[in-house]
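As a plain string of letters, each chain reads:
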Amino acid sequence: MSDHDLVLALESRLMNAWPAFDYQAYEGWILRLANGYSKRANSATPFMPGARLDDELIDYMILRFLDANVRPTFRLTGLQDPGVDDTLKARGFLEIEPTFVLTAPVNGDCEPDPEVTIEPQVSKRWVREAAQSYGGDKADDTTLIEIVSRIRQKAAFATLSLDERPVAWGLGVVERGYVGLYDIVVAPDLRGIGLGRRVVASLMAWGCREGARTAYLQVREENEIALSLYRAFGFTPAYRYTHRAMPGGA
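No experiment lies behind these values; they were computed from the predicted model shown.

Student: Explain the overall build of the protein to me, please; I cannot follow it from the model alone.
Tutor: Looking only at helices and strands, one finds seven helices and eleven strands in the protein. The C-alpha radius of gyration computed for the protein amounts to 18 Å, which stays within 12% of the reference 18 Å derived for 250 residues, consistent with globular compactness. By its C-alpha atoms, the protein is 55 × 40 × 30 Å across when sized along the principal axes. Within the protein, the proportion of its 250 residues that are buried is 50%. Considering only intrachain contacts with a sequence separation of at least 6, the fraction spanning at least 24 residues in the protein is 70%. Roughly 11,700 Å² of accessible area belongs to the protein as shown, and the carbon and sulfur atoms make up 48% of that amount. Treating the 28 positive side-chain charges of the protein as one cloud and the 34 negative ones as another, the clouds have centres 2 Å apart.

Student: I keep staring at the nonpolar core and nothing clicks. Help me out?
Tutor: Generally speaking, a soluble globular protein has its nonpolar side chains buried in company with each other. Counting 31 residues, the largest nonpolar core has Trp18, Trp126, Leu144, Val148, Leu171, Val173 and Tyr182 as its most contacted members. When contributions to this core are tallied by element, the ones reaching two or more residues are helix 1 (3-17), helix 4 (124-134), helix 5 (141-148), strand 7 (154-162), strand 8 (165-175), strand 9 (178-186) and strand 11 (236-245). Sequence-distant contacts of Trp18, that is, excluding residues within four places in its chain, are made with Arg32, Tyr37, Ser38, Arg40, Ala41, Leu144, Ile147, Val148, Leu171, Tyr182 and Asp183. Listed in part, the 30 residues of the second largest apolar core include Leu160, Leu203, Trp206 and Leu227.

Student: Help me out: how do you make sense of the pairing of strand 1 (residues 22-26) in this one?
Tutor: Strand residues, when the strand is regular, have side chains that alternate between the two faces of the sheet. In this sheet, strand 2 (residues 29-33) lies alongside strand 1 in antiparallel orientation, the contact comprising five bridges. When the sheet's bridge partners are listed, Ala25 is paired in strand 2 with Ile30. Following strand 1, the chain reverses through two residues before pairing antiparallel with strand 2; Glu27 in that reversal takes a positive phi of roughly 45 degrees.

Student: What is the right way to read unusual backbone geometry from this model?
Tutor: Negative phi characterises most residues that are not glycine, and trans characterises most peptide bonds. Despite not being glycine, Glu164 shows a phi value in the positive range, around 70 degrees. Positive phi, close to 50 degrees, is recorded for Arg176, a residue that is not glycine. Following the sequence through the fold, Arg176 ends up in the loop between strand 8 and strand 9.

Student: Just to check I follow, could you spell out helix 7 (residues 224-232) for this structure?
Tutor: Note on helix geometry: an α-helix contains 3.6 residues per turn, so any two residues three or four positions apart are oriented the same way. Along helix 7, the residues that are buried comprise Ala226, Leu227, Leu229 and Tyr230. The buried residues of helix 7 occupy one face: seen down the axis, they fall within an arc of 160 degrees. Exposed side chains of helix 7 directed beyond 90 degrees from the buried face belong to Ile225 and Ala232. Where helix 7 is buried, its residues touch strand 5 (94-105), strand 9, helix 6 (195-209) and strand 10 (214-220).

Student: In this structure, what is going on with the packing of aromatic side chains? I would like to understand it.
Tutor: With the rule as written, the count across this model stands at nine aromatic pairs. Arranged with centres 6.0 Å apart and planes meeting at 10 degrees, the rings of Trp18 and Tyr182 form a pair that is stacked. Of the two residues, Trp18 sits in the loop between helix 1 and strand 1 while Tyr182 sits in strand 9, which places them 164 residues apart along the sequence. Tyr182 carries the same exposure label as Trp18, and that label is buried.

Student: Please clarify how the layout of surface pockets should be interpreted in this entry.
Tutor: A water-sized probe rolled over the atoms picks out the places where empty space is left. In this structure, the second largest pocket encloses a volume near 200 Å³. Lining the second largest pocket, in full, are Thr117, Glu119, Gln121, Ser123, Arg125, Trp126, Glu129, Phe157, Thr159, Ser161 and Pro166. Tallied by class, residues from the lining of the second largest pocket come to three nonpolar, five polar and three charged.

Student: What exactly am I supposed to notice about the environment of Ala104 here?
Tutor: Along the polypeptide, Ala104 turns up in strand 5. The buried category is assigned to Ala104, whose relative accessible area is 2%. With 35 residues separating them along the chain, Ala104 and Asn69 place their C-alpha atoms 37 Å apart. If near-sequence neighbours (up to four positions away) are discounted, Ala104 is found in contact with Arg213, Thr214, Ala215, Phe233, Gly234 and Phe235.

Student: Teacher, can you tell me more about helix 6 here?
Tutor: Under the 1.5 Å per step criterion, the end-to-end length of helix 6 is 21 Å for 15 residues, consistent within 8% with the ideal 21 Å. Among the 15 residues in helix 6, eleven count as buried, and that is most of the element. The set of residues buried in helix 6 consists of Leu195, Gly196, Val199, Val200, Ser202, Leu203, Met204, Ala205, Trp206, Gly207 and Cys208. Once helix 6 finishes, Gly211 follows within two positions and takes phi at roughly 90 degrees, a positive value.

The rules we used
Residues numbered from 1 in each chain as written. Predicted model: local features only at pLDDT ≥ 70, side-chain atom pairs only at ≥ 80, totals over all residues. Heavy atoms only, no water. Helix = DSSP H or I, 4+ residues; strand = E, 2+ residues; numbered from the N terminus. Rg over C-alpha atoms; globule rule 2.2 N^0.38 Å. Buried < 20%, exposed > 50% of the residue type's maximum accessible area, 1.4 Å probe, protein only. Contact = heavy atoms within 4.5 Å. Areas by Shrake-Rupley, 256 points an atom, 1.4 Å probe, with all protein chains shown as cover. Lys, Arg positive; Asp, Glu negative; His and termini not counted. Charge placed at Lys NZ, Arg CZ, Asp CG, Glu CD. Core = buried A, V, L, I, M, F, W, Y, C linked by side-chain atoms within 4.5 Å. Pairing = 2+ DSSP bridges. Arc of directions from axis to C-beta. Phe/Tyr/Trp six-rings, centres within 6.5 Å; stacked < 30°, edge-to-face > 60°. 1 Å grid on protein atoms, 1.4 Å probe; cavity = no way out; pocket = protein on both sides within 12 Å on 5 of 7 lines; lining within 4 Å. Points joined across faces, edges and corners; volume = space filled by probe spheres on them. Nonpolar A, V, L, I, M, F, W, Y, C, P; charged D, E, K, R; others polar. Expected span 1.5 Å × (residues − 1).

Encoded structure:
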């Protein structure tokens, strides 16, 4: 599989696993909108090798973002034409949040942690507790439940409980031999003691049961704690993407 083929394979699964509310196609780009909740669902991403941008198309897509009250953001995965980044930079778009997409082999351990509950459907409780533990921009449980309720692939909503208290959460989505890991979060007062590791292991075991051979996830380049955790599971970079965002927001 070529580098571009791998990026397309993972990006298509990512788009299915984390649905936006609105999709618009523009000459090799997919513009996604979801009320501003997470950049991956509120950005324009290349979906064709060599996808180009000129000023006219940039201006048109900016208006679509602003109509939706979303900060105009281009998510650059390496599929785009090499000149796109310079074009956006010249227009004043800021480079923010460089991110790795990591992959790891699913090693055949198909037994989830017995203290991790895995449900096939989302619950209001899962969304409320996960969103509260995230805090900040991701504390919007109303938008989160609307996003995850749109998932059409087989999904696993994981909750780790200690002494009947929910303390860590995660989402797994299986599609065509891959299991994607999303929204791994631990209660703020219990971070750093290995609870996230147990959720990751359980979701990979669930993926194993569902026939996945490879796991994938996204993590910000600056998040050394998460990167260290994922390296321990055998995750390595498949590709890197950055965002070019308009200054000042929408």
